[in-house]
Each structure stands twice: as C-alpha cells, then as structure tokens.
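A structural walkthrough
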Amino acid sequence: MAPEVGTEAPDFTLKDQNNQEVTLSSFRGRQSVLVVFYPFAFSPICTGELCIVRDDLSSYQNAEAQILAVSVDHAFTLKAYAEAQGYQFPLLSDFWPHGKVAQAYGVFNDKAGMALRGTFLVDRDGIIRFAEVNAPGEARDQAGWKKALDALSAA
C-alpha cells in the first residue's frame, strides 16, 4: 500500500546512473523532492514521460525542488539511458535488493518485477504532499506534478 499524503516518506539511499549514492533525507530542510517511479528504462511510455521532464527540467529541478526518477533497472542500464536521452537529473537504481524502495512505497509489481508509475512529492520536512499511482500502461499527466510543486512553493 502506498504511503498516504500527510505521512512521512520512507527514506532510502540508492545509486544513480553515475554510481553515486543519493539519499532522500539528505534533501530535508533544503528542497522538496519529486520521487518518480517508472517501470523500465527505454520503454516507450517511460521515455515519453521522462523526456517531458527533460524538456522542462527547470519546472521539476530548481532551488526549490529536486526530481529523483527511480526504476528497478541496473545502474549501467540507467547510465546508457541517461546518455541516450540527454537526461540531466538523477536516475536511481532500485535493482538490488530488487524493488526494495518501490516496495516501501507500495508501487512494486512483484509478478512483473517492476515498479508501477508512482509519483510522490516530499516536502522539506520529509512529509508526502502529493501521491499518485498509475496502472501499468497508463501514462501520467505531469500537469498534476507541476500544480503540486507550485502549491508547495507558494506555501
């Protein structure tokens, strides 16, 4: 079950596409974090969603907010994916233990071995302020993400 709005976000440390550790709680007091789970690198819907982020990165990653995209892919795959698509934001590997962070967020599909399309906006205090989980094959509308980020910045 996904954590609810108003609850503390499960903390995690994962390696990014450059093999650097990224810890969610390291952003506390500094920036809000948009945690975006996606099923697989190089898949059509995931690539479309992340390319929208890439093409409007300042809306998602700036002095107020940081985006962290998470999949169960290996870091080497994420490195190739980031280079192929020109992504300039962290792609985090939830590869091993397989899907542990996705499980903590209630978005791991254990039958398919992948993360669902879950999106969580975590404020500077580590509290979830926006949450959505989309079914497999169902693309997300980033307008909701922008609205949640804007509301948090205005607060």
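The structure under discussion appears in the preceding block.
Here goes a summary of the coordinates provided. (Residues numbered from 1 in each chain as written. Predicted model: local features only at pLDDT ≥ 70, side-chain atom pairs only at ≥ 80, totals over all residues. Heavy atoms only, no water.)

Brief notes about the overall build of the protein chain
Helices and strands together make up the secondary structure of the protein chain, namely 4 helices and 9 strands. Its helices and strands taken in sequence order, the protein chain reads β-β-β-α-β-α-β-α-β-β-β-β-α from the N to the C terminus. For a compact globule of 155 residues, the expected C-alpha radius of gyration is about 15 Å, and the protein chain comes in at 14 Å, within 12% of that figure. When the backbone C-alpha atoms are referred to their principal axes, the protein chain occupies close to 35 × 30 × 30 Å. With 155 residues in all, the protein chain has 48% of them scored as buried. Partitioning the contacts of the protein chain with sequence separation of at least 6, the portion at a separation of at least 24 is 64%. (Helix = DSSP H or I, 4+ residues; strand = E, 2+ residues; numbered from the N terminus. Rg over C-alpha atoms; globule rule 2.2 N^0.38 Å. Buried < 20%, exposed > 50% of the residue type's maximum accessible area, 1.4 Å probe, protein only. Contact = heavy atoms within 4.5 Å.)

Focus on the nonpolar core
In this structure, F89 and L91 are the most contacted members of the largest nonpolar core, which totals 24 residues. Of all the secondary-structure elements, those providing two or more residues to this core are β3 (32–37), α1 (44–55), β4 (65–71), α2 (75–85) and α4 (142–154). At 4 residues, the largest contribution of residues to this core is made by α1. Sequence-distant contacts of L91, defined by excluding residues within four places in its chain, comprise K15, D16, Q17, Y38, L50, A69, L78, Y81 and A82. In this structure, V22, F27, F120 and V122 belong to the second largest nonpolar core, which totals 23 residues. (Core = buried A, V, L, I, M, F, W, Y, C linked by side-chain atoms within 4.5 Å.)

Observations concerning the environment of V122
Along the chain, V122 turns up in strand β8 (residues 117–122). Relative accessible area serves as the criterion here: at 2%, V122 is assigned to the buried category. Sequence separation between V122 and T7 is 115 residues; the distance between their C-alpha atoms is 9.6 Å. The residues contacting V122, other than those within four sequence positions of it, are A9, S32, V33, V35, I127 and I128.

Things to note about the sheet that holds β4
Within the open sheet, the 7 strands sit side by side as β2-β1-β5-β4-β3-β8-β9. Their pairing is mixed. Each end of this open sheet is capped by a strand with a single partner; those strands are β2 (21–23) and β9 (128–134). Each strand of the sheet is rotated relative to its neighbour by a mean of 30°, with strand direction disregarded. Direction of pairing for β8 relative to β9: antiparallel, over a ladder of 6 bridges. Note on β9: the bridge partner recorded for L121 is F130. In the packing of α4 onto the sheet, contacts are made with β3, β4, β8 and β9, and the angle to β9 comes to roughly 175°. (Pairing = 2+ DSSP bridges. Axes fitted to C-alpha atoms, helices over the stretch in contact; angles between N-to-C directions.)

Description of unusual backbone geometry
In this structure, the amide linkage connecting W96 to the following residue, P97, adopts the cis form with an omega of -10°. In this fold, P97 is placed in the loop between β5 (91–93) and α3 (100–104). For N19, which is not a glycine, the phi torsion comes out positive at approximately 65°. Counting through the fold element by element, N19 comes out in the loop between β1 (13–16) and β2. Residue F42 is not a glycine yet carries a positive backbone phi of 70°. Structurally, F42 is set in the loop between β3 and α1. Residue F42 is classed as partly exposed on the basis of its relative accessible area of 45%.

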